[in-house]
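These are the residues of each chain, in order.
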Amino acid sequence: MIVQILCVFAIVCIATVVGRLAAKVKLPAILGWLVTGVVFGPYLAQVVNAEILDAQWYKITVKAFECLAGVMIGKEILFKKLAKTGKQIVGITFVQSIGTFIFVSLVFGIVFWLSGIPIYLGLIFGGIALATAPAPALSIVNEYHTSGPVTQTLIPLAAIDDVIGVAVFFTVISVIASVKGGAATSPLIIIASVCLPFVIGIGIGALASIVLKRIKHRYMSFALLLCFLVLSAAIGIVIDLFVFHAYRLNYILIGMAFSATLVNMVPEEKTEPLFAQYQGILNLSLVLVIVNLGMPLDYRLIAGAGLFTAVYILSRAVGKIGGAYLGGKLTKAPHTVTKFLGFTLLPHSGVSLVFTGIAASTLNGIDPSLATIVQGTIVAAAIINEVIAVIIAKYAFQWAGEIKQ
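Residues numbered from 1 in each chain as written. Predicted model: local features only at pLDDT ≥ 70, side-chain atom pairs only at ≥ 80, totals over all residues. Heavy atoms only, no water.

Participant: I tried to follow the pattern of salt bridges on my own but got confused; where do I start?
Facilitator: A pair can form between side chains of opposite charge whenever their charged atoms are brought close. Scanning all chains against the criterion turns up two salt bridges. Note that E66 and K63 form a salt bridge whose closest N and O atoms lie 3.8 Å from each other. In this pair, E66 and K63 are both assigned in helix α4 (residues 56-74), three residues apart and thus about one turn of the helix distant. Looking at K63, the relative accessible area reads 15%, which means it is buried. For the salt bridge of K320 with D161, the shortest nitrogen-to-oxygen distance reads 3.6 Å. (Salt bridge = Lys/Arg side-chain N within 4 Å of Asp/Glu carboxyl O. Helix = DSSP H or I, 4+ residues; strand = E, 2+ residues; numbered from the N terminus. Buried < 20%, exposed > 50% of the residue type's maximum accessible area, 1.4 Å probe, protein only.)

Structure below.
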């Protein structure tokens, strides 16, 4: 186990260096982190092999760091600031999420009908496509210190989008499983998957706020902040392992709910220095989370990527960009949000791979050949899309004038 930990530590160090080299040539550092994960993962150099990825200590570590990374979203969600734009953000999120689901499902429904494949499989692709992985876009926000309407919309949108994604995907997969005789997901599990991250994050965040208000010492406050964050992640892990018997909770949402509660209950003059100290841990968390996104990606699938992969990448892009544009127009958002927000929503490999695994497990009980189609298409699309999407997301912030030269 010690050797395995050292391997992961070494790759995180290498990823940090590669990220800086990427930044030197005007590319996002996240691209270097992602490529490092692919290169040193189980399908190429195998420094981190499948045994490590399946190890319980590794999964727990990644979930804990996802919670730590989620703090970046929540610390920007001040209810006073959101009072004017809250309805607008919810409206844009709903339109682009549901719009992507409908559009991708419709496109794949037509493609599968022409190919003699069950049309309901298109709904599964739509359910997978609507989700957005917040970590890649937010790492760009963190790296370039972006600021402006697009950034202010993206940060809370990332949280709401995840909730809608989980609710729609699990509903679709449960209905299909029930009709086709597979193992359906209980409605209670769906509700718990959506609500529990907020319950945990808000509950521990409120407790942390009460304690931190009374602590004067700066370093003691920071140590307590970390302790409460680790406690939040630990509660989620215990629930996943002993209640769900699988990792179903979104730990980025736990961290987000925690920090959002904190910044709305504790005075700003107290939280600002705390989060300034936290920046180093946030950077480390983002590196590990992104490297972990790259590791399960099998580069060999690029050669086998065909029609379905191309359809998926293009239809999802149209859904996200078009949905964000339509949502922006309907809610009268700033023109930069309307024009460029959709381009920042293209990365999604982490969420898509989780949903793909669940979909494949369900489809294996219905028709294994359908599971193969889903796995091959999404994994190949994740590799191709993630590299392209990260670069496009960086340029979207630049086009919107939110990256300082």
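Structure shown, so let's carry the discussion forward.
Participant: I would appreciate a short explanation of the environment of I52 in the present structure.
Facilitator: Mapped onto the secondary structure, I52 falls in helix α3 (residues 50-54). Along the sequence, I52 and G99 sit 47 residues apart, while their C-alpha atoms lie 38 Å from each other. Not counting chain neighbours up to four residues away, the residues in contact with I52 comprise Q4, V8, V47, W57 and Y58. (Contact = heavy atoms within 4.5 Å.)

Participant: Would you mind going over the side chain of D161 with me for this structure?
Facilitator: If you trace the backbone, D161 turns up in helix α8 (residues 149-180). Apart from the residues lying within four places of it in its own chain, the contact partners of D161 are T93, Q96, S97, L130, A131, T132 and K320.

Participant: Even after reading the chapter, I still don't get helix α7 (residues 134-144), so can you show me in this structure?
Facilitator: Owing to its 3.6 residues per turn, the α-helix aligns residues three or four sequence positions apart on the same side. The buried fraction of α7 amounts to ten of the eleven residues, a majority that puts the element mostly inside the structure. For α7, the full list of buried residues reads P134, A135, P136, A137, L138, S139, I140, V141, N142 and Y144. A positive phi of about 50° marks H145, the residue just after α7.

Participant: I would appreciate a short explanation of the nonpolar core in the present structure.
Facilitator: One broad trend across soluble globular proteins is that nonpolar side chains are buried collectively. Within the largest apolar cluster, 85 residues are counted, with the highest numbers of intra-cluster contacts made by W33, Y58, Y278 and L341. Broken down by element, this core gets its largest block of residues, eleven residues, from helix α12 (residues 268-294). Excluding anything up to four places from it in sequence, L341 contacts I92, V150, T153, L154, L157, A324 and T336. Counting 40 residues, the second largest nonpolar core, distinct from the first, contains F101, F169, I190 and L363. (Core = buried A, V, L, I, M, F, W, Y, C linked by side-chain atoms within 4.5 Å.)

Participant: Could you clarify how one ought to interpret a nonpolar patch on the surface in this entry?
Facilitator: Where nonpolar side chains cluster on the molecular surface, the patch consists of L106, I110, W113, L114 and I119 and spans about 590 Å² of accessible area. You can see L114 is positioned in helix α5 (residues 79-115). (Patch = residues over 30% accessible without salt bridge, like charges linked within 9 Å, V, L, I, M, F, W, Y side chains within 5 Å. Areas by Shrake-Rupley, 256 points an atom, 1.4 Å probe, with all protein chains shown as cover.)

Participant: What's the story with the packing of aromatic side chains in this structure? I'm lost.
Facilitator: Two measures describe an aromatic ring pair: the distance that separates the ring centres and the angle between the ring planes. The tally for this structure, following the rule as stated, stands at 13 aromatic pairs. Note on F112 and F308: the rings are 5.3 Å apart at their centroids and 85° apart in plane angle, and the pair reads as edge-to-face. Of the two residues, F112 sits in helix α5 while F308 sits in helix α14 (residues 307-330), which places them 196 residues apart along the sequence. With respect to burial, F112 and F308 carry one shared label: buried. (Phe/Tyr/Trp six-rings, centres within 6.5 Å; stacked < 30°, edge-to-face > 60°.)

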